[in-house]
Amino acid sequence: MNKEKNSTGVVHKIPADFKKALLADSKILTTWEDITPLARNEWICWVISAKQIGTRNRRIKVGLSKLKNGMRRPCCWAGCIHR
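Because the structure is a prediction, the values reported are computed rather than measured.

1. Structural notes on helix α3 (residues 37-48)
Spanning 12 residues, α3 covers 16 Å between terminal C-alpha atoms, matching the ideal 16 Å at 1.5 Å per step. What α3 keeps buried is the set Ala-39, Arg-40, Asn-41, Glu-42, Trp-43, Ile-44, Cys-45, Trp-46 and Val-47. Of the surrounding secondary structure, the elements contacted by the buried residues of α3 are α1 (16-23), α2 (26-34) and α4 (53-68).

2. Overview of the packing of α2 against α4
Axis separation between α2 and α4 bottoms out at 8 Å; the angle between their running directions is 80°. Here α4 runs roughly perpendicular to α2, going by the angle between their axes. Residue-level inspection shows Lys-27, Ile-28, Thr-31 and Trp-32 of α2 in contact with α4, the latter providing Leu-64, Leu-67 and Lys-68. In the contact of α2 with α4, the residues fall into four nonpolar, one polar and two charged.

3. Here's the deal with the packing of aromatic side chains
Tallied over the full model, the rule gives two aromatic pairs. Each ring, one from Phe-18 and one from Trp-32, has its centre 5.5 Å from the other, and the planes form 85°; the classification is edge-to-face. Of this pair, Phe-18 sits in helix α1 while Trp-32 sits in helix α2, placing them 14 residues apart in sequence. Of the two residues, Phe-18 and Trp-32, both sit in the buried class. The interplanar angle of 75° and the centroid separation of 5.7 Å between the aromatic rings of Trp-43 and Trp-46 together place this pair among those described as edge-to-face. Placement of both Trp-43 and Trp-46 in helix α3 is noted, with a separation of three residues, approximately one turn of the helix.

Reading guide: rules and limits
Residues numbered from 1 in each chain as written. Predicted model: local features only at pLDDT ≥ 70, side-chain atom pairs only at ≥ 80, totals over all residues. Heavy atoms only, no water. Helix = DSSP H or I, 4+ residues; strand = E, 2+ residues; numbered from the N terminus. Expected span 1.5 Å × (residues − 1). Buried < 20%, exposed > 50% of the residue type's maximum accessible area, 1.4 Å probe, protein only. Contact = heavy atoms within 4.5 Å. Axes fitted to C-alpha atoms, helices over the stretch in contact; angles between N-to-C directions. Parallel < 35°, antiparallel > 145°, perpendicular 65-115°, else oblique. Nonpolar A, V, L, I, M, F, W, Y, C, P; charged D, E, K, R; others polar. Phe/Tyr/Trp six-rings, centres within 6.5 Å; stacked < 30°, edge-to-face > 60°.

Next up, the structure:
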């Protein structure tokens, strides 16, 4: 797998901090590349919609864990309002 590919979402591009975290683990990156662009968009929007840096960092950490375990979309979130 080309680590530089790192696909984006439908509306959102991957922010640098989330991209760095995705590239750090090949299993997470494999899941990321396997999910749909719409699902990637949901993860990105979930991360960037945090109002505080602490919340954003927690969402990145939790999101990576969930992706590593095969979860394809953020759970219990209304979804991206930007599409």
